[in-house]
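# What the coordinates show
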Amino acid sequence: MLLVKHISVHYGKLQALKDVTLLIKPHEIVSLIGANGAGKTTLLRAIVGLENLSKGDILLDDKPIRSTSFEQVPTHRMIEKGVGLVPEGRGIFSDMTVVENIDMGAYSLRDQYKIHQQKKKMFDRFPILFERREQKAGSLSGGEQQMLAIARTLMASPRLLLLDEPGLGLAPIMVKQVMDIISEINKEDGVMILLVEQNTHIALRHSHRGYVMENGKIVLSDESSALLTDPEIKKAYLGG
């Protein structure tokens, strides 16, 4: 499991995260919702070491990976620890082909047979990427680029997958398709998922539990089904 325990993050004098505690249990999808600027992306970046903690600890399977009290795991080794991040904006290599992008996701692997098996698994899961495998990644549609970003991250077989706004800029039908793929990854591979998604309704529908973040703080947490019917959440985030 992932345990984020009383962490804080500062940008100079500005405190971006304030005593944040969050738990993801095995086989769970947990959604993190909140307005733009609430601190959601900062939290994901803190988990993988792209932001320094000013307080607190982050543990994966009860073993500390980030802390202010010991030498932290470098960001480039987080993949070896089983943590994968699909960043906001996808972060694909536009001038490289689809297959070259997928190969980049296997840079930490040394077993060529495993790389071959993982690549086959990605193409089976994302058949459109197999069809487009020799195309430049920048020529793909937005939804196809998002699938590529997810496939590239999955090449390293993460136990914990962090997704930052996977539906951003996509048509509603494509958002649903991407979310269905995320649910499939969770169910079939048992991957824990922390999902940040601007479409609050679809995020809660595709997750087991949810946390609400405001101004760098967690202000509410509950089962996703309960958050969907909470009057304050409906008013603030669901347009009802």
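Look up: the structure comes first, before these words.
From a predicted model like this one, the values you see are computed outputs, not experimental measurements.

Take the overall build of the protein next. Scanning the protein from N- to C-terminus turns up nine helices and 10 strands. Seen along its three principal axes, the alpha-carbon backbone of the protein occupies a region of about 45 × 45 × 30 Å. Every one of the 240 residues in the protein was classed for burial, and the buried ones make up 48%. Across the protein, contacts joining residues at least 24 apart in sequence account for 66% of those joining residues at least 6 apart. Of the roughly 11,500 Å² of accessible surface on the protein, 51% is carried by carbon and sulfur atoms. Across the protein, the 30 positively charged side chains and the 29 negatively charged ones have centroids separated by 2 Å.

Counting buried residues along strand β9 (residues 209-214), five of its six residues qualify, which places the element largely inside the surrounding structure. Where strand β3 (residues 29-33) meets β9, four bridges bridge the pair, whose relative direction is parallel. Within β9, the residue paired with Val30 across the bridge is Arg209. Pairing of β9 with strand β10 (residues 217-223), which is carried by six bridges, proceeds in the antiparallel orientation. Bridging across to β10, Gly210 finds its partner in Asp222. Remark: two residues form the turn of the hairpin made by β9 and β10, two consecutive strands paired antiparallel; Asn215 in that turn has positive phi of roughly 50°.

Enumeration over the complete set of coordinates arrives at 13 salt bridges. Residues Asp19 and Lys55 are paired through a salt bridge, measuring 3.1 Å at the closest nitrogen-oxygen approach. Pair noted here: Asp19 is in strand β2 (residues 14-24) and Lys55 is in strand β4 (residues 55-60), with a separation of 36 residues, a long-range link. You can call Lys55 partly exposed: its relative accessible area is 39%.

Okay, the sheet that holds strand β5 (residues 63-67) next. Spatially, β2-β1-β4-β5 is the arrangement adopted by the four strands of the open sheet, whose pairing is antiparallel. Since the sheet does not close on itself, it has two edges, and those belong to β2 and β5, each with one partner. Each neighbouring strand pair of the sheet contributes to a mean axis angle of 25°, computed without reference to strand direction. Relative to β5, β4 runs antiparallel, the two sharing four bridges. Opposite Ile58, over in β5, you have Arg66 as the bridge partner. Each of β1 (2-11), β2, β4 and β5 touches helix α1 (residues 40-47); the most contacted strand, β1, lies at about 110° to it.

This paragraph deals with the sheet that holds β9. Pairing between the strands of a sheet is mediated by backbone hydrogen bonds and can be parallel or antiparallel. Taken together, six strands build an open sheet; the order of strands is β6-β7-β8-β3-β9-β10 and the sheet is mixed. Among the strands making up the open sheet, the edge pair consists of β6 (83-86) and β10. Strand-to-strand twist of the sheet, defined as the mean angle between neighbouring strand axes without regard to direction, takes the value 15°. Sheet contacts for α1: β3, β6, β7 (160-164), β8 (192-196) and β9; angle to β7, the most-contacted strand, approximately 150°. Against the sheet, helix α6 (residues 172-189) contacts β3, β7 and β8, and its axis sits at roughly 155° relative to β8.

Cut-off values and rules
- Residues numbered from 1 in each chain as written.
- Predicted model: local features only at pLDDT ≥ 70, side-chain atom pairs only at ≥ 80, totals over all residues.
- Heavy atoms only, no water.
- Helix = DSSP H or I, 4+ residues; strand = E, 2+ residues; numbered from the N terminus.
- Buried < 20%, exposed > 50% of the residue type's maximum accessible area, 1.4 Å probe, protein only.
- Contact = heavy atoms within 4.5 Å.
- Areas by Shrake-Rupley, 256 points an atom, 1.4 Å probe, with all protein chains shown as cover.
- Lys, Arg positive; Asp, Glu negative; His and termini not counted.
- Charge placed at Lys NZ, Arg CZ, Asp CG, Glu CD.
- Pairing = 2+ DSSP bridges.
- Salt bridge = Lys/Arg side-chain N within 4 Å of Asp/Glu carboxyl O.
- Axes fitted to C-alpha atoms, helices over the stretch in contact; angles between N-to-C directions.

Any link to function would need more than the numbers given here.
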